[in-house]
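Each chain is listed here by its residues.
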Amino acid sequence: MFSRRDQIKILLMSTSKHDITKRQKQLLNELKRCTDELSGQDLHRKLHNGEKTMGLTTVYRNLQALVKQGLIRSRHLPNGEVLYAPVERDIHHLTCVSCGETTQLKGCPVKTMHIPQKASKEFELLFHTLEYFGLCQNCSQELNA
Ligand SMILES: [Zn+2]
Ligand SMILES: [Zn+2]
């Protein structure tokens, strides 16, 4: 049997999946297929190699629509680049504010964190984001030199 929590999740997933357009589905599939995050440019390039091409503006417009629907999440890098990944992928990054280098964090620090009981009762949690910013080893050595 599904718990109530699972039922809500399934409901959310099935309703939103019906609402998305063919192009959005195409982008979503591309993001799910890739283990890493992708930028709008990456997606544009990937779809360009396929049979169905999509203009860069169309890619960005549809990515925004997917973010709005809570199907993908975006991560803004210090250099202005935006990276996209499916929301269910639980990964976190350390990003250097100086050179923009990002490294994946092993494991999820949020998983062991507890949100206040009251909040968890009033709000159905589906996903979370967490980002760390700082200086990578190279940049911090350069600054201290
Ligand atoms: Zn750096
Ligand atoms: Zn996490």
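As a starting point, this report considers the structure included with it.

Let's shift gears to the overall build of the chain. In terms of regular secondary structure, the chain is built from six helices and six strands. Each helix and strand of the chain, ordered N terminal to C terminal, gives the series α-α-β-α-α-β-β-β-β-α-β-α.

Here we come to the environment of His 44. In this fold, His 44 is placed in helix 3 (residues 40–49). Classification of His 44 as partly exposed rests on a count of 19 C-beta atoms within 10 Å. A C-alpha to C-alpha distance of 9.1 Å links His 44 and Thr 58, two positions 14 residues apart in sequence. Residues contacting His 44, with those up to four places away along its chain left out, are Met 54, Leu 56 and Val 59.

Further remarks concern the packing of helix 2 (residues 22–33) against helix 3. The geometry of helix 2 relative to helix 3 is characterised by a closest axis approach of 11 Å and an angle of 105 degrees between their N-to-C directions. On the basis of the axis angle, helix 2 is roughly perpendicular to helix 3. In contact with Gln 26, Leu 27 and Glu 30 of helix 2, helix 3 contributes Leu 43, Lys 46 and Leu 47. Here the residues of the contact of helix 2 with helix 3 are counted per class, giving three nonpolar, one polar and two charged.

Looking now at the sheet that holds strand 4 (residues 93–96). Spatially, three strands are ordered 5-4-6 in an open sheet, and the strand pairing comes out mixed. Edge positions in the sheet fall to strand 5 (102–104) and strand 6 (131–134), since each has one partner strand and no second. Along the sheet, successive strands turn relative to each other by an average axial angle of 20 degrees, direction set aside. Pairing analysis gives four bridges linking strand 4 to strand 6, with the strands arranged parallel. The residue bridging Cys 96 from the neighbouring strand is Gly 134, located in strand 6.

Definitions and limits used
Residues numbered from 1 in each chain as written. Chains lettered and ligands numbered in written order. Predicted model: local features only at pLDDT ≥ 70, side-chain atom pairs only at ≥ 80, totals over all residues. Helix = DSSP H or I, 4+ residues; strand = E, 2+ residues; numbered from the N terminus. Buried ≥ 20, exposed ≤ 12 C-beta atoms within 10 Å, placed from the backbone. Contact = placed C-beta atoms within 7 Å. Axes fitted to C-alpha atoms, helices over the stretch in contact; angles between N-to-C directions. Parallel < 35°, antiparallel > 145°, perpendicular 65-115°, else oblique. Nonpolar A, V, L, I, M, F, W, Y, C, P; charged D, E, K, R; others polar. Pairing = 2+ DSSP bridges.

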